[in-house]
Amino acid sequence: MKSDIKCTINDQPRTLHAYPMERLLDVLREQLRLTGTKEGCGEGECGACSVVLDGELVNSCLVPACQADGASVLTVEGLAAQGKLGEELAPVQKCFLEHGAAQCGICTPGMLVAARCFLDARTPATDEAVREALAGNLCRCTGYQKIIEAVQLAASVKAKEAAP
Ligand code: FES
Ligand code: FES
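Just so you know, these numbers come straight off a predicted model, no measurement behind them.

Here the focus is the packing of helix α3 (residues 108-121) against helix α5 (residues 145-162). Contact geometry for α3 and α5: axes closest at 10 Å, N-to-C directions at 40°. Classed by the angle they form, the pair α3 and α5 counts as oblique. The handedness of the crossing between α3 and α5 is right-handed. Contact with α3, carried on its side by Met111, Ala115, Phe118, Leu119 and Asp120, involves Ile147, Val151, Ala154, Ala155 and Lys158 of α5 and no other residues of that element. The residue makeup of the contact of α3 with α5, split by class, is 8 nonpolar, no polar and 2 charged.

Ranked by size, the top nonpolar core spans 28 residues in total, and within it Val92, Phe96, Met111, Leu119, Leu134, Ile147 and Val151 carry the most contacts. Of all the secondary structure elements, the ones that give two or more residues to this core are α2 (91-98), α3, α4 (127-133) and α5. When residues of this core are assigned to domains, at least three map to each of domain 1 (3-78) and domain 2 (81-162). Dropping the residues within four chain positions of it, Val151 is found in contact with Phe96, Ala115, Phe118, Leu119, Val130 and Leu134. Residues Leu16, Val51, Ala71 and Val73 belong to the second largest nonpolar core, which totals 18 residues.

Let us now look at helix α1 (residues 24-31). Helical geometry note: an α-helix holds 3.6 residues per turn, so side chains three or four residues apart project in the same direction. Of all the residues in α1, the buried ones are Leu24, Leu25, Asp26, Val27 and Leu28. Looking at the packing, one finds that the buried side of α1 touches β1 (3-9), β2 (12-18) and β3 (50-53).

For the protein, the assigned domains are domain 1 (3-78) and domain 2 (81-162). Placing the centre of domain 1 and that of domain 2 at their C-alpha centroids yields a distance of 20 Å. Taken together, the contacts link 15 residues of domain 1 with 13 residues of domain 2. Interface area for domain 1 against domain 2, summed over the two sides, is near 1,100 Å², with a carbon-plus-sulfur share of 66%. Those elements giving two or more residues to the side of domain 1 that touches domain 2 turn out to be β3 and β4 (56-59). By residue number, the principal contributor to the side of domain 1 that touches domain 2 is β3, which donates 3 residues. In the side of domain 1 that touches domain 2, the residues fall into 7 nonpolar, 5 polar and 3 charged.

Scoring rules and cut-offs
Residues numbered from 1 in each chain as written. Chains lettered and ligands numbered in written order. Predicted model: local features only at pLDDT ≥ 70, side-chain atom pairs only at ≥ 80, totals over all residues. Heavy atoms only, no water. Axes fitted to C-alpha atoms, helices over the stretch in contact; angles between N-to-C directions. Helix = DSSP H or I, 4+ residues; strand = E, 2+ residues; numbered from the N terminus. Parallel < 35°, antiparallel > 145°, perpendicular 65-115°, else oblique. Left-handed = near helix turned anticlockwise from the far one by under 90°. Contact = heavy atoms within 4.5 Å. Nonpolar A, V, L, I, M, F, W, Y, C, P; charged D, E, K, R; others polar. Core = buried A, V, L, I, M, F, W, Y, C linked by side-chain atoms within 4.5 Å. Buried < 20%, exposed > 50% of the residue type's maximum accessible area, 1.4 Å probe, protein only. Domains from an automatic or database assignment. Buried area = accessible area lost by both parts, 1.4 Å probe.

Dropping the structure here:
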């Protein structure tokens, strides 16, 4: 039987209806139409389905939706802000775009969410630290270097914004 799951998705209070073991990935995509979160392997190996659940990066293909009850979920749709001219890309999204860090784009939402998680932790963005933070996210196209550089660029933008 389906039950209600009360949670916050991208800062909005939501009530979801899901079977006990229904995957969070499916509920996000099919019930809420948040199709930015992708399914790649469906087995916890590729990171295409990454979302942030109560501050922790998770593979939503492995998380039962009921685990989101009372929790806060961030999906790639929650990264952009509402600006004066409508939706405004987050700095990390702009860095990916400007730095050519996306090719086919299938890994990009998961990479962005993982990058956001990394940036929020304010860990110094060394090559090694960024690689480690994105280790669960696979990309078949870019060779990773552009993605790493885009995250480092976003880290320096964030540091400049925070400077007094
Ligand atoms: Fe979830 Fe690949 S689809 S890790
Ligand atoms: Fe194609 Fe990463 S851009 S898989």
